[in-house]
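What follows is the residue order along each chain.
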Protein chains: 2
Amino acid sequence: MNVNIQTGIETPQFDGMSCPVPLRDFNEIVMGHGGGGKLTAELIEHLFLPAFGNEKLNQLRDSTILDIGDQRLAFSTDSFVVRPLFFLGGNIGDLAINGTVNDLAMSGAKPLYLSAAFIIEEGLPMETLHAIVKSMSLAARRAGVQIVTGDTKVVERGHGDGCFINTTGIGVVQPGLRIAADQASPGDVVILSGTIGDHGMAIMSVREGFEFESLIFSDSAPLHELVEKMLAACPDIRTLRDPTRGGVATSLNEIAAASNVGIEIDETTIPINPCVQSACELLGLDPLFVANEGKLLAIVPSTAAEAIIAAMHQHEFGTNARIIGRVVDTRRKMVIAKTAFGSTRVITMQIGEQLPRIC
Amino acid sequence: MNVNIQTGIETPQFDGMSCPVPLRDFNEIVMGHGGGGKLTAELIEHLFLPAFGNEKLNQLRDSTILDIGDQRLAFSTDSFVVRPLFFLGGNIGDLAINGTVNDLAMSGAKPLYLSAAFIIEEGLPMETLHAIVKSMSLAARRAGVQIVTGDTKVVERGHGDGCFINTTGIGVVQPGLRIAADQASPGDVVILSGTIGDHGMAIMSVREGFEFESLIFSDSAPLHELVEKMLAACPDIRTLRDPTRGGVATSLNEIAAASNVGIEIDETTIPINPCVQSACELLGLDPLFVANEGKLLAIVPSTAAEAIIAAMHQHEFGTNARIIGRVVDTRRKMVIAKTAFGSTRVITMQIGEQLPRIC
């Protein structure tokens, strides 16, 4: 790498570097690279994995499992850039806690410790930061996790956007659990814990200034207790995913690909808040692709489904839990939906970004 | 919190919140809050600790120590916002690896696993991201750590600054080590591993377009092997600190305060690259406050100093290691320097920011 010492302009040297497949011919980062869809997947596959790749990272789990001494630890990181910082049902602060708590929970881990790192734009009102931090504190207490280490950086006005937060978490995983995206088998059923699209549409309605008959609230919530109840009912859960960026559609596609199975869902069984449905129709969005922040998808053995759903119904975040589909051995790596009209459609992964900066 | 659903303007509610001491009457975040000096300390003390405070966070260590099962783990987070992204001797990528590796090493930990989370500004050239990622990969390999989990977010043009990176790390700490800022005792000596100010002035010379007789290179380097050699010579090291933001002066002040001791240093013993010295004079900067990214300060028992320094001299990053001062029981919580002119001066913590966005 050469730097012109007079101008500060850098000229990186790329000798010996290679980019195995062109990243859809983009020569610069576009918003879709952060959308959690195909462009993000390509960036990971063609840029990050070749550079960092190792057995653990290659699994591309929401949280990775580390064996340290006699402990199995889950470890997960997430940066939050949601805009606006405050919305109905939450703000960037509790989202940053719940998001990482949920990533840990999706490995079946009990979340224990979080780090919190702030990148703050010069000029952020102190009371705004105070409100964010207070929310984080309450969310951490609710989730039973401790924020044990942190970092604060400040960037000049116009070089950030109010406040970005990274949280990285550590949890412990009980021996014997093997919850991962590649564990789904034909015959398993797909459970969804509740209504879809609430978080994404809560953000959009604030951002776009929509007025609906009733307000749309984000579903931001910590899911580890719900997972605990599910595991108590059946420790043999195959896969757990919280369908955030990219929504239910993206999570199911990732599971279908990782497990090399087909997934069939019945759209009529998927619960959705009528307001969210209206907002999606207004904006031309498919709710299956809209982000959730307090919902989970579970792939479970069909024999255990009833017991797991009964356990979920006992928990405040699982009252609407139900079976929405099943895993099949046809049309592998594809997700097929039976629509309300009785037809079927292929649910693909979105390429770019439907709703930027949703989390 | 109320959000005006039409405008998206939020009105946080502050009922029941309190800010124990006014943050120097700043009602908004200023650059100095990210400078690592007194303003950062006040933000931590008056905003973060009251909200998040717990026994571990309250220790304010570079990395916190977690007891999980039979394991003692070090856990540390750092976001990197250095500008420009590339400079002589490194770039944001290797800095992000070495920075967190060093924070772990300063607890005496062997660094094992890192997370990497990117906040990328729309429009960043793909080859720039590629160069950064490649550097991270090389730095991780050199430091013997694995990047095991990650995250990518993209923000719109003008809402970020090229690329911000958070790394969070896990390391293991051998039983029996008690390395912390509050362990310094009168009679101990202060060791510095090498020249000061290289990183900060490397950044400034690129940023300001200075030309000196020779170029100034950042000292960005992983220090965990050096620490390993030091611990092999004497496991009874009291304190380790890598003097990054705020430099040697800030680290020594933090140690003096945490251990309730005085620290006396002899400025004539502190090694400094002549180019760095010239650059500091030109800019009116005190090199004691300039950031380092590959140096450490150690407080050690005087009886072990010789053995530790001999061990440091065996390692490429410790060839200039030497004693620069001692811990005393007078003028507690203060750092006093004997100058080249034979006079003494008090080395205080800086209040705000000398060199913004240095790491």
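Sequence order sets the numbering: in each chain, residues are counted from 1 along the sequence as written. Labels are handed out in written order, letters beginning with A for the chains and numbers beginning with 1 for the ligands. Where local features are concerned, this predicted model is filtered to residues with pLDDT of at least 70; where side-chain atom pairs are given and counted, the filter is 80 or more; whole-chain, interface and lining totals use all residues.

A.B. asks: Just checking my understanding: could you explain the overall build of chain A for this structure?
C.D. replies: Put simply, DSSP marks the helices as runs of H or I at least four residues long and the strands as runs of E at least two long, and each gets a number from the N terminus on. In terms of regular secondary structure, chain A is built from 8 helices and 16 strands. C-alpha atoms define the radius of gyration, and 2.2 Å times the number of residues to the power 0.38 defines the globule rule. Its C-alpha atoms give chain A a radius of gyration of 21 Å, within 12% of the compact-globule value 21 Å for 359 residues. Dimensions along the principal axes, computed over C-alpha positions, put chain A at roughly 70 × 50 × 50 Å. Around each residue's C-beta, the other C-beta atoms within 10 Å are counted; 20 or more make the residue buried, 12 or fewer make it exposed, and counts in between make it partly exposed. All C-beta atoms are placed from the backbone. Buried residues in chain A amount to 58% of all 359 residues. Partitioning the contacts of chain A with sequence separation of at least 6, the portion at a separation of at least 24 is 83%. What counts as a contact is two residues whose backbone-derived C-beta atoms lie within 7 Å of each other.

A.B. asks: How should I be thinking about helix H6 (residues 247-259) of chain B in this particular structure?
C.D. replies: Side chains of residues three or four places apart in an α-helix project in the same direction, reflecting 3.6 residues per turn. All names here are of chain B. Here the expected length of a helix is defined as 1.5 Å per residue gap, with one fewer gap than residues. Here H6 spans 19 Å end to end across 13 residues, near enough to the 18 Å set by a 1.5 Å rise per residue. Where burial is concerned, most of H6 is hidden: 11 out of the 13 residues are buried. Close packing links the buried residues of H6 with strand E10 (189-192), strand E11 (239-241), strand E12 (262-266), strand E13 (297-300) and strand E15 (335-338). Looking one or two places after H6, you find Asn260, whose phi comes out positive at around 55°.

A.B. asks: Could you clarify how one ought to interpret the sheet that holds strand E4 (residues 71-80) of chain A in this entry?
C.D. replies: Residue and element names in this part refer to chain A. At least two DSSP bridges between two strands are required for those strands to pair. What the 5 strands build is an open sheet, ordered E3-E4-E9-E7-E8; its pairing is mixed. Only two strands of the sheet have a single partner each, and these edge strands are strand E3 (64-68) and strand E8 (146-155). When strand polarity is set aside, the average angle formed by the axes of neighbouring strands in this sheet is 20°. In this fold helix H3 (residues 126-143) packs onto strand E7 (110-121), E8 and strand E9 (163-172), with an angle of close to 175° to the strand it touches most, E7. Note on definitions: angles span 0 to 180 degrees between N-to-C directions of axes, and those axes are lines fitted to C-alpha atoms, for helices only across the stretch in contact.

A.B. asks: What should I look at first to understand the sheet that holds strand E13 (residues 297-300) of chain A in this one?
C.D. replies: By way of backbone hydrogen bonds, the strands of a sheet pair with one another, either parallel or antiparallel. Residue and element names in this part refer to chain A. One open sheet accounts for 7 strands, arranged E11-E13-E10-E14-E12-E15-E16; its pairing is mixed. Looking at which strands have only one partner, the edges of the open sheet turn out to be strand E11 (239-241) and strand E16 (344-346). Averaged over all pairs of adjacent strands, the angle between their axes in this sheet comes to 25°, without regard to strand direction. The pairing of strand E10 (residues 189-192) with strand E14 (residues 322-328) spans 4 bridges and is antiparallel. When the bridges of E14 are listed, Val189 appears paired with Arg326. Along the sheet, helix H8 (residues 305-313) contacts E10, E13 and E14; its crossing angle with E10, the most-contacted strand, is approximately 5°.

A.B. asks: Would you explain helix H5 (residues 224-233) of chain B in this entry?
C.D. replies: All names here are of chain B. Every buried residue belonging to H5 is among His224, Leu226, Val227, Met230 and Leu231, and all of these are buried. For H5, the angular spread of buried residues about the axis comes to 155°, placing them on one side. Contact partners of the buried residues in H5: helix H2 (92-105), strand E7 (110-121), helix H3 (126-143), E11, E13 and helix H8 (305-313). Read the arc as the range of directions from the helix axis to the C-beta atoms.

A.B. asks: What's the story with the pairing of strand E4 (residues 71-80) of chain B in this structure? I'm lost.
C.D. replies: All names here are of chain B. With 9 of 10 residues buried, E4 is to be regarded as a mostly interior element. Inspection of the sheet shows strand E3 (residues 64-68) paired to E4 by 5 bridges, in the antiparallel sense. Residue pairing for E4: Ile68 is matched across the bridge by Gln71. The loop that links E3 with its antiparallel partner E4 comprises 2 residues; one of these, Gly69, has a positive phi angle of about 60°.

A.B. asks: Teacher, can you tell me more about the relation of the copies chain A and chain B here?
C.D. replies: For the pair of chain copies, the relating transformation is a rotation about an axis with a translation along it. Under the fitted operation, chain A is carried onto chain B by 0.0 Å of movement along the axis and a turn of 180°, and the coordinates agree to an RMSD of 0.0 Å. The two molecules are tied by a two-fold rotation axis, judged by turn and shift. Closest approach to the rotation axis among the C-alpha atoms of chain A is made by Gly160(A), whose C-alpha sits 2.1 Å away. Looking at chain A, 100% of its interface residues are interface residues in chain B too, so the copies touch through the same face. Alignment of copies: least-squares fit on C-alpha atoms of residues with pLDDT of at least 70 in both copies.

A.B. asks: Would you mind showing me how to read the pairing of E15(B) here?
C.D. replies: Look at any regular strand and the pattern is simple: side chains alternate between the two faces of the sheet. Residues and elements named next belong to chain B. Where burial is concerned, the two faces of E15 differ: the one with Val335 and Ala337 is buried and the one with Ile336 and Lys338 is not. The sheet contact formed by E12 and E15 spans 4 bridges and is parallel. Bridge pairing in E15 places Asp266 opposite Lys338. As paired elements, E15 and strand E16 (residues 344-346) share 3 bridges and run antiparallel to each other. The residue of E16 that forms the bridge with Ile336 is Val346.

A.B. asks: Help me understand the environment of Arg322(A) in this model?
C.D. replies: Residue and element names in this part refer to chain A. With respect to the secondary-structure elements, Arg322 resides in strand E14. In this structure the C-alpha to C-alpha distance between Arg322 and Ala310, which are 12 residues apart in sequence, comes to 9.4 Å. For Arg322, the contacting residues outside a window of four places in its chain are Ile191, Leu192, Thr269 and Ile309.

A.B. asks: What's the story with the packing of helix H4 (residues 198-208) of chain B against helix H7 (residues 274-283) of chain B in this structure? I'm lost.
C.D. replies: What describes two packed helices is the angle between their axes and the distance between those same axes. Residue and element names in this part refer to chain B. At a minimum axis distance of 10 Å, the contact between H4 and H7 shows a crossing angle of 60°. It follows that H4 is oblique to H7 by the angle criterion. Pair H4 / H7 crosses with left-handed handedness. Packed against H4, whose contacting residues are Asp198, Met201, Met204 and Ser205, the element H7 presents Val276, Ala279, Cys280 and Leu283 at the interface. Under this grouping Gly is polar, as are all residues other than the nonpolar Ala, Val, Leu, Ile, Met, Phe, Trp, Tyr, Cys and Pro and the charged Asp, Glu, Lys and Arg. Partitioning the contact of H4 with H7 into residue classes produces 6 nonpolar, 1 polar and 1 charged. Angles are sorted into four bins: roughly parallel if under 35 degrees, roughly antiparallel if over 145, roughly perpendicular if 65 to 115, and oblique for all others. Working rule for handedness: look at the near helix, and if it is turned counterclockwise from the far one by less than a right angle, call the crossing left-handed; if clockwise, right-handed.

A.B. asks: Mind showing me how you'd approach unusual backbone geometry here?
C.D. replies: Most peptide bonds are trans, and most residues other than glycine sit at a negative phi. In this structure, Pro84(A) follows Arg83(A) across a cis peptide bond, with omega equal to 0°. Residue position: Pro84(A) is located in the loop between E4 and strand E5 (86-87). Here Lys333(B), not a glycine, exhibits a phi torsion of approximately 65°, which is positive. Structurally, Lys333(B) can be placed in the loop between strand E14 (322-328) and E15. Even without a glycine there, the phi angle at Arg357(B) is positive, about 55°. Judged by C-beta crowding, with 22 C-beta atoms within 10 Å, Arg357(B) ranks as buried.

A.B. asks: Explanation requested: the environment of Ser63(B) in the structure shown.
C.D. replies: The residue Ser63(B) is located in the loop between helix H1 (38-52) and E3 in this model. Ser63(B) sits 106 residues away from Gly169(B) along the chain, and the two C-alpha atoms are 8.9 Å apart. What Ser63(B) contacts, discounting residues up to four positions off in sequence, is Thr149(A), Ala74(B), Phe75(B), Ser76(B), Asp103(B), Leu104(B), Met106(B), Ser107(B) and Ala109(B).

A.B. asks: Is there a simple way to think about the confidence of the model for chain A in this case?
C.D. replies: Residues and elements named next belong to chain A. Per-residue confidence for chain A gives a mean pLDDT of 91, with 93% of residues at or over 70. For every residue, the pLDDT score states the predictor's confidence, bounded by 0 at the bottom and 100 at the top. The low-confidence segment residues 1-22 (pLDDT under 50) makes 44 contacts with residues lying over four places distant or belonging to another chain. We note a pTM of 0.92 for the whole complex and an ipTM of 0.92 for its interfaces.

A.B. asks: Even after reading the chapter, I still don't get the environment of Phe212(B), so can you show me in this structure?
C.D. replies: One can find Phe212(B) in the loop between H4 and H5. Given 15 C-beta atoms within 10 Å, Phe212(B) falls into the partly exposed group.

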